[in-house]
Amino acid sequence: MAGKLFGIGVGPGDPELLTGKALKCVRACDVLAVPGTRKEETAAYKIVVQAAPEIVEKAFLELEMPMTKDKEKLAESHRKAFGRIREALDQGKQIGFLTLGDPCIYSTYIYMHKLAVEAGYETEIINGIPSFCAVSAKLNQGLVEQSQMLHILPSTYGVEAGMDLPGTKVLMKPGKKLKSIKEKLAEYPDSQASMIERCGMEEERIYRTAGEIPEQTGYYSLLIVKEQER
């Protein structure tokens, strides 16, 4: 009998934000998978091992999944990664794929999930706390109220079209685009912009105004742009 694939959201960084359901699933799985060639270097593993040190004894699938927008390279890396997952599933293993934040929001896991579903394997998603909820809480403010809209923008693909939308904008992983994003923000002087880098992790940095935000930041950053209250 084939095993089952679980996509486990491990939250944004603070191990205390790992849900009880996620921990239970992590402990129950025969094999854990991480997106990276060395598990100790992956953010998801670093989060979970703080909450469940016993996972060091588990079997791991370290899956190389490069950061690229080249569709052919992405598809090939996904096929290879799923091939290894499939081998373990065919051995009847329960596999937990650890992914940052929530598996349903721009996650690496979802590609494995779709391939598993297409191949007829049983799957389950264990949702996690999204990074933008953790960032908003850390900033001690709400995201949206009453009729306000919430828009999630993948910054690596550009944010120009989304900045004119009403309500609150969440800019995911601004990274190398931050300089151009700051230039765009200057066109919206009535907006309030805040950013947190590595929320809940070591070396967390908080920027509460647009003026404080640097022109470059690390991969684990998130920017929130709120309309001025009327």
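A brief structural summary. Nothing here was measured: the structure is a model prediction, and the numbers come from that model. (Residues numbered from 1 in each chain as written. Predicted model: local features only at pLDDT ≥ 70, side-chain atom pairs only at ≥ 80, totals over all residues. Heavy atoms only, no water.)

**With respect to the packing of aromatic side chains**
Two aromatic rings, taken as a pair, are described by how far apart their centres are and by the angle between their planes. The condition that has to hold: Pairing of aromatic rings covers Phe, Tyr and the six-membered ring of Trp, with a centre-to-centre limit of 6.5 Å; geometry is then stacked below 30 degrees between planes, edge-to-face above 60, and tilted otherwise. Helical segments are the DSSP runs of H or I of at least four residues, strand segments are the runs of E of at least two, and each set is numbered from the N terminus. Relative accessibility thresholds used throughout: buried, under 20% of the residue-type maximum; exposed, over 50%; partly exposed, between the two (1.4 Å probe, protein chains only). We call a charge positioned over a ring when the NZ of a Lys or the CZ of an Arg lies within 6 Å of the ring centre and within 35 degrees of the ring normal.
Summed over all chains, the structure comprises four aromatic pairs. Consider the rings of tyrosine 45 and phenylalanine 60, whose centres lie 5.5 Å apart with planes at 75°: the pair is edge-to-face. Pair noted here: tyrosine 45 is in helix 2 (residues 43–51) and phenylalanine 60 is in strand 3 (residues 59–63), with a separation of 15 residues, a long-range link. Since its relative accessible area comes to 7%, tyrosine 45 is described here as buried. By relative accessible area, which is 16% here, phenylalanine 60 ends up buried. Their ring planes at 70° and their centres at 6.3 Å tell us that phenylalanine 82 and tyrosine 121 sit as a pair that is edge-to-face. In this pair, phenylalanine 82 is assigned in helix 3 (residues 71–90) and tyrosine 121 in the loop between helix 4 (109–118) and strand 5 (122–126), connecting sequence segments 39 residues apart. An identical accessibility class is assigned to phenylalanine 82 and tyrosine 121; each is buried. Residue placement shows lysine 39 over the ring face of phenylalanine 60; its charged tip is 5.3 Å from the ring centre.

**Quick look at unusual backbone geometry**
The phi torsion at glutamine 146 lies on the positive side, around 50°, for a residue other than glycine. For glutamine 146, the location among the structural elements is in the loop between helix 5 (131–138) and strand 6 (150–154). One non-glycine residue with positive phi stands out, namely glutamate 203, at about 60°. Secondary-structure assignment places glutamate 203 in the loop between strand 8 (192–197) and strand 9 (205–207). Residue classification places glutamate 203 among the exposed residues on the basis of a relative accessible area of 58%.

**A closer look at the pairing of strand 10 (residues 221–226)**
Short version of the rule: Paired strands, in this sense, are two strands between which DSSP finds at least two bridges.
Burial within strand 10 is extensive, with six of its six residues counted as buried. Where strand 7 (residues 168–172) lies against strand 10, four bridges are found, and the strand directions are antiparallel. Across the sheet, residue leucine 171 finds its bridge partner in strand 10, namely leucine 223. With six bridges joining them, strand 8 and strand 10 adopt antiparallel strand pairing. Across the sheet, the residue bridging to methionine 195 is leucine 223, located in strand 10.

**Topic: the pattern of salt bridges**
Let me state the cut-off plainly: Counted as salt bridges are all cases of a side-chain nitrogen of Lys or Arg within 4 Å of a carboxyl oxygen of Asp or Glu.
Counted under the stated rule, the structure contains nine salt bridges. In this structure, the salt-bridge partner of lysine 4 is glutamate 122, at a minimum N-O distance of 3.5 Å. Remark: glutamate 122 occurs in strand 5 and lysine 4 occurs in strand 1 (residues 4–9); sequence separation between them is 118 residues. A salt bridge links glutamate 54 to arginine 27; the shortest N-O distance between them is 2.7 Å. One end of the pair, glutamate 54, is in the loop between helix 2 and strand 3; the other, arginine 27, is in helix 1 (residues 20–28), with 27 residues separating them in the sequence. Residue glutamate 54 is classed as partly exposed on the basis of its relative accessible area of 40%. Salt bridges sharing common partners tie together Arg38, Lys39, Glu40 and Glu41.

Everything listed is a geometric property; what it means functionally is a separate question.
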